[in-house]
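What follows is the residue order along each chain.
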Amino acid sequence: MIVVDSVEACEGRGLTGDRFSGGASSKRQVTLIQSEHLPAIAQLLGKNRIDPALLRRNIVVSGINLLSLNGAQFTIGGALMEGTGPCHPCSRMEEAFGPGGYSAVRGHGGITARVLSGGIVRVGEPVSFVRRSGGASEKQNELAL
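Just so we're clear, the structure is a prediction, and the values are computed from it rather than from any experiment. (Residues numbered from 1 in each chain as written. Predicted model: local features only at pLDDT ≥ 70, side-chain atom pairs only at ≥ 80, totals over all residues. Heavy atoms only, no water.)

S.K.: Please provide a residue-by-residue account of the sheet that holds strand β1 (residues 6–10), values included.
M.R.: Read across the open sheet, the 3 strands follow the order β2-β1-β8; overall the sheet is antiparallel. At either end of the open sheet lies a strand with only one pairing partner, and these are β2 (14–15) and β8 (119–122). (Pairing = 2+ DSSP bridges. Helix = DSSP H or I, 4+ residues; strand = E, 2+ residues; numbered from the N terminus.)

Right under this line is the structure:
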């Protein structure tokens, strides 16, 4: 994992430089996790804190319930995304955190998304709900990334 201050989100592909950049039909072009879940995961692992990079998610956000963005369109910076489902842990969590790593991340893994319209995403930019997929616009609260 490489931590950056900004990244380009590309329509139908994901984030520039991501080795797992998905294809146009992929529902897992971008992965997001809530920073508020990091202390819970750390506690389940018996640690004081964990490095978010070990979770292998693309973007860490705060101040918003990511599950509420599942099935919704939202913006981060200049990119329009759509939440496509929960981001379940993989077996690499055992490698990253040791025994119990997979179980500690269950229910705390965040969501997956696809990029509907590309743009630059910068640290500190708000996450803004746009609309439920297929629904009318309901521009709501903006919360910090």
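S.K.: Account for the pairing of β1, with residues named and values stated.
M.R.: Across 4 bridges, β1 lies against β8 in antiparallel orientation. Among the inter-strand pairings, Ser6 is bridged to a residue of β8, identified as Arg122. In this sheet, β2 lies alongside β1 in antiparallel orientation, the contact comprising 2 bridges. Pairing of Ala9 across the sheet is with Leu15, part of β2.

S.K.: Now, about the pattern of salt bridges: what can you tell me, with residues and values included?
M.R.: This structure, assessed with the given rule, holds 2 salt bridges. Ionic pairing is found between Arg114 and Glu82, a salt bridge with its closest N-O pair at 2.9 Å. Residue Arg114 is found in strand β7 (residues 111–117), and its partner Glu82 is found in strand β6 (residues 79–86); the two are separated by 32 residues along the sequence. Glu125 is the salt-bridge partner of Arg122, the closest N and O atoms lying 3.9 Å from each other. What makes Arg122 partly exposed here is its relative accessible area of 42%. (Salt bridge = Lys/Arg side-chain N within 4 Å of Asp/Glu carboxyl O. Buried < 20%, exposed > 50% of the residue type's maximum accessible area, 1.4 Å probe, protein only.)

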